Amino acid sequence: MIDLRREIPESGKTLTVLLGLAAVLVVVWLVSQSIVSKAAQEVALLGAALAALAVAGKTLSDWRTGVYLFLTWLLFEDLIRKYMGNNMTIYFGKDALIAITYVSFLMDSSRREIDRFRPPFKYALGLFFLLGLAQGFNPGSPSVWYGVLGLKLYFYYAPLMFVGYALVRTERDLQKFLFVDAGLAAVISLVGILQAIIGQDFLNPRSGADINELAHNVRVTPSGLAVPRPPSVFVSEGRSFDYLTLALALGLGTVGYLLLRTKRGRKLVFPAVALVAVAIVMSGSRGGFVYAVVSALVLSAAMLWGAPAKAGEGYRLVKAIRRTFIFVALGVSLAVVLFPSVIGARLAFYRETISPYSPDSETADRAWNYPVGQLQAALADPDWLIGHGIGTASLGGQYVSRIMEVPATRLGVESGYGALIIELGILGLVVWLVWTSSMMLAACKALLKLKGTWAFPVGLSIVWFAFYLLFPRTYGGMQGYQDFVLNAYLWLLIGMLFRLPALVAQEASQQSIVESRE
């Protein structure tokens, strides 16, 4: 039998990293109180540049470690940027780091044999890429720079699926990723919770007209209660609850996996999932709240369906689900007892605007009327047939206009399908649906191979997140897919998903060899 004590990293090490990150946040907060002058910001920018160089150097020598450094930078880059007055040099740091990761990965691939991923949806994705490339030169676009922006947002992180596939060589590599991800999610959730309790200015300076409103948004319930929406370490509350939806799905999958395989790591993962759930409740995001409830129900039912047939394995998943709900209930209950006004305002907001029995319910409008109306507005555009060019209705267009000194497009609708029509024309929407459906079909086939194995909960969480991002989230707007955090995680996790069947087969083969020797 495989000695899991050797295969599984000590959760205490991950807890140490988690505490270290928390300490760093405290130091950042203390130092931030002294950053009041331009000179101090320049010194801090120099420090960030030196840190980026150190990360880049490490990544060149070891791309596997570089992936984790990149993810950490990716998640905390906005925090640095906020203290630097929305400095765009910081904004492009992640792009440089991932480029170095790609180079290091290719160099390592040329020196040694690395498992290569052959995407089963490559032709559909390739077709979408060729269409996007051609749309970069659409005569309706004010500048080719919008095409560069669009190609970056849609495709720049796609090679991460090859990196993710090669990253997970053994079950131990998978565990390392899951534990690190849980630690990062716990820290980010904790910051959001503290902002909801202490105030939105905690680790969230007012640093520029572009992000001040996004980072200090306050909603008001129909009954008149103020609901501040904490952005956590990000520049906007939208990016924060988008990340929390990812963290919840992956966290629930990790919990199911741990209950099937080992007791190690549970002291980190269970509290992390509880913190994510409390952060979602405190986020003031109706979409995030509804998604959390739906995810808990769907993933719980699907995990039981995919549980191993071996006696007792299904009961273990029942225990995992039960313990998760207990941790979440305890976390929310503790928040209600300690901060009743904070939780009460948010629960009132959800009840008054989501419940179909509320006279102020916005569910029907937000779920159907508004997005469909936005899609109709896109179809009413004179150039709906061929579009205006990739990137012309994408996130970050205001920075292209300002930095490159090109005319603003002033295009955009709050519908992902509508945005595709505006940018790529009606053919763009059709090809998008083709490639996303092709990828989801291949992902579901990979998941079915995992049914009845220890890897099913993790694979399920990845498939669920990918489905949510590419379909319901895109239906509501293209911001989710174009968000660099969700986009990078999507491609990295897709690569891992298609690697899981090989890991299961590898473990079964090793176990068979050991049993034959006995």
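Residues numbered from 1 in each chain as written. Predicted model: local features only at pLDDT ≥ 70, side-chain atom pairs only at ≥ 80, totals over all residues. Heavy atoms only, no water.

Colleague: It is not clear to me how the pattern of salt bridges should be interpreted in this structure. Could you clarify?
Modeller: Pairing is possible between side chains of opposite charge, provided their charged atoms come close. One pass over the structure, following the stated rule, counts eleven salt bridges. For Arg 239, the salt bridge identified is with Asp 78, shortest N-O distance 2.7 Å. In this pair, Arg 239 sits in helix H12 (residues 237-261) while Asp 78 sits in helix H4 (residues 63-83), placing the two residues 161 residues apart along the sequence. Of the two residues examined, Arg 239 and Asp 78, each falls in the buried class. One salt bridge in this structure joins Arg 239 and Asp 483, with 3.3 Å as the shortest N-O distance. Remark: Asp 483 occurs in the loop between helix H22 (479-482) and helix H23 (484-517) and Arg 239 occurs in helix H12; sequence separation between them is 244 residues. Counted as one network, the salt bridges with shared partners bring together Asp 78, Arg 81, Arg 239 and Asp 483. (Salt bridge = Lys/Arg side-chain N within 4 Å of Asp/Glu carboxyl O. Helix = DSSP H or I, 4+ residues; strand = E, 2+ residues; numbered from the N terminus. Buried < 20%, exposed > 50% of the residue type's maximum accessible area, 1.4 Å probe, protein only.)

Colleague: In this structure, what is going on with the side chain of Asn 487? I would like to understand it.
Modeller: By secondary structure assignment, the location of Asn 487 is in helix H23. Judged by its relative accessible area of 0%, Asn 487 falls in the buried class. Once residues within four sequence positions are removed from consideration, Asn 487 is found in contact with Leu 153, Tyr 157 and Tyr 481. (Contact = heavy atoms within 4.5 Å.)

Colleague: Before we go on, may I ask you to explain unusual backbone geometry in this structure?
Modeller: Comment: phi is negative for the bulk of residues other than glycine, and the bulk of peptide bonds are trans. Even without a glycine there, the phi angle at Leu 203 is positive, about 50°. Its place among the elements puts Leu 203 in the loop between helix H10 (171-198) and helix H11 (209-215).

Colleague: Help me understand H12 in this model?
Modeller: Within an α-helix, residues lying three or four positions from one another point in the same direction, as the helix has 3.6 residues per turn. The terminal C-alpha atoms of H12 lie 36 Å apart, and with 25 residues this matches the ideal 36 Å at 1.5 Å per residue to within 8%. In terms of burial, H12 is largely enclosed, as 24 of its 25 residues are buried. (Expected span 1.5 Å × (residues − 1).)

Colleague: Can you walk me through the packing of H10 against H12 in this structure?
Modeller: How two helices sit against one another is set out by the angle between their axes and by the gap between those axes. Close contact between H10 and H12 brings their axes to 10 Å; oriented N to C, the two are set at 135°. Accordingly, the angle class assigned to the pair H10 and H12 is oblique. Crossing of H10 over H12 shows left-handed handedness. Residues Glu 171, Gln 175, Phe 177, Leu 178, Phe 179, Asp 181, Leu 184, Ala 185, Ile 188 and Ser 189 of H10 pack against Tyr 243, Leu 244, Ala 247, Leu 250, Thr 254, Tyr 257, Leu 258 and Arg 261 of H12. Taken together, the residues of the contact of H10 with H12 sort by class into twelve nonpolar, three polar and three charged. (Axes fitted to C-alpha atoms, helices over the stretch in contact; angles between N-to-C directions. Parallel < 35°, antiparallel > 145°, perpendicular 65-115°, else oblique. Left-handed = near helix turned anticlockwise from the far one by under 90°. Nonpolar A, V, L, I, M, F, W, Y, C, P; charged D, E, K, R; others polar.)

Colleague: Would you explain a nonpolar patch on the surface in this entry?
Modeller: On the surface, Phe 92, Phe 129, Leu 130, Leu 133, Phe 137, Val 144, Trp 145, Val 148, Ile 403 and Met 404 cluster together to form a nonpolar patch covering roughly 950 Å² of accessible area. Looking at the nonpolar patch, the elements that each hand over two or more residues are helix H7 (122-135) and helix H8 (144-155). Summarising the element assignment, Leu 133 is placed in helix H7. Residue Leu 133 is classed as partly exposed on the basis of its relative accessible area of 35%. (Patch = residues over 30% accessible without salt bridge, like charges linked within 9 Å, V, L, I, M, F, W, Y side chains within 5 Å. Areas by Shrake-Rupley, 256 points an atom, 1.4 Å probe, with all protein chains shown as cover.)

Colleague: Hey, could you run me through the environment of Ser 358 in this one?
Modeller: On the secondary structure map, Ser 358 appears in the loop between helix H16 (340-354) and helix H17 (363-379). The class for Ser 358 is buried, based on a relative accessible area of 14%. Setting aside anything within four residues of it in sequence, one finds Ser 358 in contact with Arg 351 and Glu 352. For Ser 358, the side chain forms a polar contact with the main-chain oxygen of Glu 352, separated by 2.6 Å. (Polar contact = N/O pair within 3.5 Å; in protein donor to acceptor, adjacent residues only side chain to side chain.)

Colleague: Honestly, the packing of aromatic side chains in this entry has me stumped. Any pointers?
Modeller: What describes a pair of aromatic rings is the distance from one ring centre to the other and the angle between the planes of the rings. Scanning all chains against the criterion turns up 31 aromatic pairs. One aromatic cluster in this structure is built from Phe 128, Phe 129, Tyr 154, Phe 155, Trp 432, Trp 435, Tyr 481 and Trp 491. Above the ring of Tyr 91, the side-chain terminus of Lys 94 is found at 3.8 Å from the ring centroid. Arg 499 extends its terminal NZ or CZ atom over the ring of Tyr 165, reaching a point 5.4 Å from the ring centre. (Phe/Tyr/Trp six-rings, centres within 6.5 Å; stacked < 30°, edge-to-face > 60°. Lys NZ or Arg CZ within 6 Å of the ring centre and 35° of its normal.)

Colleague: Looking at this structure, I do not really get the nonpolar core. What am I missing?
Modeller: For soluble globular proteins, the rule of thumb is that nonpolar side chains tend to be buried together. Formed by 148 residues in total, the largest nonpolar core has its most connected members in Tyr 157, Leu 160, Phe 177, Tyr 243, Trp 432, Leu 490 and Trp 491. The dominant element in this core, judged by the number of residues it contributes, is helix H19 (residues 416-450), at 17 residues. (Core = buried A, V, L, I, M, F, W, Y, C linked by side-chain atoms within 4.5 Å.)

Colleague: Sorry, what's going on with the packing of H12 against helix H20 (residues 456-470) here?
Modeller: The interhelical angle for the contact between H12 and H20, taken along N-to-C directions, is 160°, at an axis separation of 7 Å. Taken together, the axes of H12 and H20 are roughly antiparallel relative to one another. Here H12 and H20 pass one another in a crossing that is right-handed. In this structure, H12 uses Asp 242, Thr 245, Leu 246, Ala 249, Leu 250, Gly 253, Gly 256, Tyr 257 and Leu 260 to contact H20, whose residues at the interface are Pro 457, Val 458, Ser 461, Ile 462, Trp 464, Phe 465 and Tyr 468.

Colleague: Teacher, can you tell me more about H10 here?
Modeller: The end-to-end C-alpha distance of H10 is 40 Å, a good match for the 40 Å that 28 residues give at a rise of 1.5 Å each. The buried fraction of H10 is high, at 21 of 28 residues. One or two steps after H10, the chain reaches Gly 199, where phi turns positive at roughly 145°.

Colleague: Looking at this structure, how should I read the side chain of Asp 78?
Modeller: With a relative accessible area of 1%, Asp 78 lands in the buried category. In terms of polar contacts, Asp 78 uses its side chain to reach the side chain of Arg 239, at 2.7 Å. Setting aside anything within four residues of it in sequence, one finds Asp 78 in contact with Val 233, Phe 234, Val 235, Arg 239 and Phe 484.

Colleague: I'm lost on the confidence of the model for the chain in this one. Help?
Modeller: Should the pLDDT be low somewhere, the predicted coordinates at that spot are not to be read in detail. Mean pLDDT over the chain stands at 86; residues scoring 70 or higher make up 87%. In the predicted structure, residues 1-11 sits below a pLDDT of 50 and forms 22 contacts with residues beyond four places in sequence or in another chain. (pLDDT = per-residue confidence, 0-100.)

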